[in-house]
Amino acid sequence: MIYKALFPRDVLAELERLQRDMQQADGFLPSIRGLARGGFPGLNVGSTPKSVEVHAFIPGLDPSAIEIQLEKSVLTIAGERKSNMPAREDKSTVHIDERFAGKFRRVIALPDDINPDAVDAQYRDGVLHISIQRHEAALPRRITIQ
Amino acid sequence: MTEQATVAKATETHRSEGALMPPVDVIEDVSGITLYADLPGVPKDRLSLQVEANTLTIEGDLTLDAPEGMEAVHAEVGLPRFRRVFTLSRELDGDKVSADFNQGVLKLRIPKAAHAQLRKIDIRVS
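The structure reproduced in this document is the subject of the present report. (Residues numbered from 1 in each chain as written. Chains lettered and ligands numbered in written order. Predicted model: local features only at pLDDT ≥ 70, side-chain atom pairs only at ≥ 80, totals over all residues. Heavy atoms only, no water.)

## Considerations on the sheet that holds strand S6 (residues 81-87) of chain B
Residues and elements named next belong to chain B. Taken in spatial order, the three strands make up an open sheet running S3-S4-S6, and their pairing is antiparallel. Single-partner strands in this sheet number two, and they are strand S3 (47-52) and S6. Between one strand axis and the next, the sheet turns through 10 degrees on average, direction left out of account. As paired elements, strand S4 (residues 55-61) and S6 share seven bridges and run antiparallel to each other. Residue pairing for S6: threonine 57 is matched across the bridge by valine 85. (Pairing = 2+ DSSP bridges. Helix = DSSP H or I, 4+ residues; strand = E, 2+ residues; numbered from the N terminus. Axes fitted to C-alpha atoms, helices over the stretch in contact; angles between N-to-C directions.)

Laid out in structure tokens, this is it:
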């Protein structure tokens, strides 16, 4: 096995390293579930000292058709996006077919200090924004020296 | 039966630097072309559609609600802009494009110019 890191100009390896560094920087230790790139919907995860913010890019859905589950610290986003492709007997031609259609499910492992009772989810312009509060105790506190 | 397949193939003429390429579906029927594009996070007023000569440009700026001081941990949508350019073929009527934008999905209807509508050719058997 040849390590990518042996080739310092490998951009992908650099990006991966950067991503690893970022994940470890903020309590997001590499999880057994990983956080695989790609797939539908696209996910962005961000964090503040008080909350964890998840943006899922799921355009064109009825919010009631999206299922969000939070079990302990595992967040699941699932649903189905209907295809708008013409029926076969239609006299039409499909020139480009890139948009996702069908059932989707994505699972993300969140940090352990989240409060599963303080979750807020909003759907706007095709983006599902889930904000999960963190427990107070986890907030960093400044310790004064006596 | 269909017309020429040269219509609106994804010919990105401009360099799309610093922008994401939105995924699209392009479907052609006898009277025109329907294009769907995924532009999640783009509000209606930040979407720009342009038809110039025979070039169709779709651009949009992403705006996300995020609390102040948020640090990105993982980003699959890593740029705040979408852009995609298509070349329209001659028989399409660029002046009559109609657009509908709903929950991040753009639906464009580009009709064929009247003279380019499908004509059925009778085969005469002698």
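## With respect to the side chain of B:Glu91
Residues and elements named next belong to chain B. Within the secondary structure layout, glutamate 91 lies in the loop between S6 and strand S7 (98-102). Put simply, glutamate 91 is tucked away with no salt bridge, and the nearest opposite charge, on lysine 112, sits 5.7 Å away. Of the polar contacts made by the side chain of glutamate 91, one reaches the side chain of serine 89; its length is 3.0 Å. (Buried < 20%, exposed > 50% of the residue type's maximum accessible area, 1.4 Å probe, protein only. Lys, Arg positive; Asp, Glu negative; His and termini not counted. Salt bridge = Lys/Arg side-chain N within 4 Å of Asp/Glu carboxyl O. Polar contact = N/O pair within 3.5 Å; in protein donor to acceptor, adjacent residues only side chain to side chain.)

## Brief notes about the environment of B:Ser89
Residue position: B:Ser89 is located in the loop between S6 and S7. B:Ser89 sits 23 residues away from B:Lys112 along the chain, and the two C-alpha atoms are 9.6 Å apart.

## A look at the interface of chain A and chain B
Listed by partner, the interface residues are 45 residues for chain A and 44 residues for chain B. For the chain A face of the interface with chain B, the top three residues by lost area are A:His95, A:Ile96 and A:Arg99, together amounting to 20%. Summed over the shared surface of chain A and chain B, the number is six salt bridges. With its nearest N and O atoms 2.8 Å apart, the salt bridge here joins B:Glu76 to A:Arg106. At the surface where chain A touches chain B, the tally comes to 24 residue pairs in polar contact (both at pLDDT 80 or more). When residues of the side of chain A that touches chain B are traced back to their parent elements, those giving at least two are helix H1 (11-25), strand S1 (42-47), strand S2 (51-57), strand S5 (93-97), strand S7 (114-124) and strand S8 (127-134) of chain A. The biggest single contributor to the side of chain A that touches chain B is S1(A), with six residues. Residue composition of the side of chain A that touches chain B, grouped by class: 16 nonpolar, 18 polar and 11 charged. Note: S5(A) against strand S1 (residues 24-29) of chain B, four bridges, orientation antiparallel. Bridged to A:Val94 within S1(B) is B:Ile27. (Contact = heavy atoms within 4.5 Å. Buried area = accessible area lost by both parts, 1.4 Å probe. Nonpolar A, V, L, I, M, F, W, Y, C, P; charged D, E, K, R; others polar.)

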